[in-house]
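Breakdown of the fold
Letter by letter, the chains look like this.
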Amino acid sequence: MQFNVLTLFPEMFMSLQESIIGKATEKGIIDINLINIRDFSKNKHKKVDDTPYGGGAGMVMMPDVVYDAYNSIIAKSKCNEKIRTIYMSPQGKKLDQKKVEDLAKQNHLIILCGHYEGIDQRVLDKIVDEEVSIGDYVLTGGEIPAMVLIDSVSRYVEGVLNKESIKEESFSNGLLEYPQYTRPEVFEGKKVPDILLSGNHQNIDKWRKQKSLEITKSKRPDLLLK
Ligand code: 4H6
């Protein structure tokens, strides 16, 4: 799966190369194509923003620069299929596991990261298919939300994780995860629950399902109502 990211801060995405996503990009399962919007500035000072019409604080990213950066992706894309363009914004629809699974069906995505006070509305109207938010809080830029989206979607791409981890995880069954234990058998006087050492997998499954329910009921009762 290919993620094309339009950003003023491509270096921020280097952290994605650590751990599992990094392994997947090495294997070629995932391709993160970073496009520096600043490279498309026509200005000799590489200016990408200007003051807002109508006045007000801060700066707005210029539509032509963003449009040229976007078109550089379209020009290079070999397939004729339409590529979904997502704008990371606090005004977007909240990202949840359902949306993540839906996005994972795409072969290509374009993710637009805004900065300053945002981007001129006219280019957004032209290129953006959907606005996505990672939660109800404001950040200085769309890069961290874009990384959250890439990480969560990549987990569903064939070959990134083993299938078991996806099936067993939180939310896939609508419940939170049961508690996990590993060696040592006794830690600070606390023993691992006996049932997990019993070797009886039917009982272990039952116990875990029960724990999942209990934990969901106490920590996230809203999930049970859904
Ligand atoms: C688009 C428009 C996403 C992007 C405005 C982005 C939070 C989220 C941004 C802005 C983001 C999220 C610029 C508005 C800075 C506030 C970048 N913040 N902002 N919740 N910020 O997914 O000022």
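Everything numeric in this text was worked out from a predicted model, so none of it was measured.

Quick look at the sheet that holds strand β6 (residues 108-113)
Two strands in a sheet stick together by hydrogen bonds in their backbones, pointing the same way (parallel) or opposite ways (antiparallel). The sheet built from five strands is open, its strands ordered β2-β1-β6-β5-β7 with parallel pairing. The open sheet has two edge strands with one neighbour each: β2 (31-36) and β7 (130-133). Sheet twist, expressed as the mean angle between neighbouring strand axes with direction ignored, is 35°.

Some remarks on helix α2 (residues 63-76)
Here α2 is 14 residues long and its end C-alpha atoms lie 20 Å apart, about the 20 Å a rise of 1.5 Å per residue gives. Within α2, the full set of buried residues consists of V65, V66, A69, Y70, S72 and I73. One side of α2 holds all its buried residues, which, seen down the axis, span an arc of 145°. Buried-residue contacts for α2 involve β1 (2-7), β2, β4 (60-61), β5 (84-94), β6 and α4 (121-127).

So, unusual backbone geometry
R183 connects to P184 through a cis peptide bond whose omega is 5°. Of note, S19 is a non-glycine position whose phi angle comes to about 60°, a positive value. Turning to its location among the elements, S19 is positioned in helix α1 (residues 19-27). One non-glycine residue, Y116, adopts positive backbone phi at about 55°. Summarising the element assignment, Y116 is placed in the loop between β6 and α4.

With respect to the packing of aromatic side chains
Enumeration according to the criterion identifies one aromatic pair in this entry. A centroid spacing of 6.3 Å and a plane angle of 10° characterise the contact between Y67 and Y70, whose relative ring orientation is stacked. Here Y70 and Y67 lie together in helix α2, a separation of three residues that amounts to about one turn. Exposure remark for Y70: the relative accessible area of 11% places this residue in the buried category.

Some details on the site of the ligand
Around the ligand sit 16 residues in total, of which Y87, Y116, I134, G135 and L139 are the nearest. In this structure, a nitrogen atom belonging to the ligand sits 2.9 Å away from a main-chain N or O atom of L139. In the complex, 87% of the free accessible area of the ligand, which totals 490 Å², lies under the protein chains. The cavity that encloses the ligand is the largest pocket.

Side note on the side chain of K99
If you trace the backbone, K99 turns up in helix α3 (residues 97-103). Residue classification places K99 among the buried residues on the basis of a relative accessible area of 12%. Not counting the four nearest positions on each side in its chain, K99 is found in contact with R84 and E130.

Thoughts on the layout of surface pockets
By volume, the largest pocket is sized at about 570 Å³. Elements supplying a minimum of two residues to the lining of the largest pocket: β5, α4 and β7. Ranked by residue count, the leading element in the lining of the largest pocket is β5, at five residues. In terms of lining, the second largest pocket is formed by 12 residues, of which the most central are D96, Q97, F171, L223 and K226. Mapped by element, the contributors of at least two residues to the lining of the second largest pocket are α3 and α8 (221-225). Ranked by residue count, the leading element in the lining of the second largest pocket is α3, at three residues.

Cut-offs used in this document
- Residues numbered from 1 in each chain as written.
- Predicted model: local features only at pLDDT ≥ 70, side-chain atom pairs only at ≥ 80, totals over all residues.
- Heavy atoms only, no water.
- Pairing = 2+ DSSP bridges.
- Helix = DSSP H or I, 4+ residues; strand = E, 2+ residues; numbered from the N terminus.
- Axes fitted to C-alpha atoms, helices over the stretch in contact; angles between N-to-C directions.
- Expected span 1.5 Å × (residues − 1).
- Buried < 20%, exposed > 50% of the residue type's maximum accessible area, 1.4 Å probe, protein only.
- Arc of directions from axis to C-beta.
- Contact = heavy atoms within 4.5 Å.
- Phe/Tyr/Trp six-rings, centres within 6.5 Å; stacked < 30°, edge-to-face > 60°.
- Near = heavy atom within 4 Å.
- Polar contact = N/O pair within 3.5 Å; in protein donor to acceptor, adjacent residues only side chain to side chain.
- Areas by Shrake-Rupley, 256 points an atom, 1.4 Å probe, with all protein chains shown as cover.
- 1 Å grid on protein atoms, 1.4 Å probe; cavity = no way out; pocket = protein on both sides within 12 Å on 5 of 7 lines; lining within 4 Å.
- Sits in = over half its atoms within 2 Å of the grid points.
- Points joined across faces, edges and corners; volume = space filled by probe spheres on them.

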